[in-house]
Amino acid sequence: MPKVCTAAYVYGVVQGVGFRYSTQRQAQELGVTGYAKNCDDGSVEVVAYGEQHAVEHLLEWIKQGGPRGARVDRLLTEPYPATAFEKFNIRY
């Protein structure tokens with residue numbers, strides 16, 4: 001299976017609701033590596049690397065709204081230079 005790397009920018013109520021931690025847990029279950037990071041504009045940046053179907057599954061989970069308490073209004077994605085991350089981290 002080919003591996004892909006995608007950057008996603010998540011807008012809505014996504015800070016202060018456990019979004020990064022829930023995304024990390026979901027990514028780990030799917031075998032996806034990368035990171036989630038809060039941005040100054042209130043969005044969350046997610047970079048996901050793994051098998052295409054697993055990355056697509058993670059992005060679909062995000063699009064559906066992520067964890068309880070979060071609200072995803074907009075999700076923008078773009079290809080990201082393929083980077084083999086060791087695990088899925090939360091960046092500060």
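Chains are numbered independently. Their residues run from 1 in the order of the written sequence. With pLDDT at 70 or above as the cut-off, local features in this predicted model cover only qualifying residues; side-chain atom pairs require 80 or more to be listed or tallied, and sums for whole chains, interfaces and linings still use all residues. Each side-chain value is derived from all of the structure's non-hydrogen atoms; neither hydrogens nor water enter the calculation.

Participant: Got a minute to help me understand the nonpolar core in this structure?
Facilitator: Considering soluble globular proteins, one finds that nonpolar side chains tend to be buried as a cluster. Definition of nonpolar core: a set of buried residues of the types Ala, Val, Leu, Ile, Met, Phe, Trp, Tyr and Cys, connected through side-chain atoms within 4.5 Å. Here the term buried applies to any residue with accessible area under 20% of the maximum for its type, exposed to any over 50%, and partly exposed to those in between, with areas from a 1.4 Å probe on protein chains only. Ranked by size, the top nonpolar core spans 19 residues in total, and within it Val10, Phe19, Val32, Val46 and Ile62 carry the most contacts. Contributions of two or more residues to this core are made by β1 (3-13), α1 (19-30), β3 (44-51), α2 (52-63) and β4 (71-79). Secondary structure is summarised from DSSP: a helix means a run of H or I of at least four residues, a strand means a run of E of at least two, and numbering begins at the N terminus for each. Looking at this core, the element that brings in the most residues is α2, giving 5 residues. We call two residues in contact whenever any of their non-hydrogen atoms come within 4.5 Å of each other. Leave out the neighbours within four places in its chain, and Val32 touches Ala27, Ala48, Tyr49, Ala54, Val55, Leu58 and Phe88. Cys5, Val47, Tyr49 and Phe85 belong to the second-largest nonpolar core, a separate cluster that totals 6 residues.

Participant: I would appreciate a short explanation of the sheet that holds β3 in the present structure.
Facilitator: Within a beta sheet, neighbouring strands are joined by backbone hydrogen bonds and run either parallel or antiparallel to one another. Spatial ordering of the open sheet is given by β4-β1-β3-β2-β5, a layout of 5 strands whose pairing is mixed. The open sheet has two free edges, formed respectively by β4 and β5 (88-91), since each of these has just one partner strand. The mean inter-strand angle of the sheet, taken between neighbouring strand axes irrespective of direction, is 20°. Two strands pair if DSSP finds at least two bridges between them. Strand direction decides the pairing type here: β1 and β3, joined by 8 bridges, are antiparallel. Bridge pairing in β3 links Ala8 to Val46. In this description, a line fitted to the C-alpha atoms serves as the axis of each element, helices being fitted only across the stretch in contact, and the angle between N-to-C directions of two axes falls anywhere from 0 to 180 degrees. Against the sheet, α1 touches β1, β2 (33-38), β3, β4 and β5, its axis set at about 170° to β5. Running over the sheet, α2 touches β1, β3 and β4 and is turned about 150° from β3.

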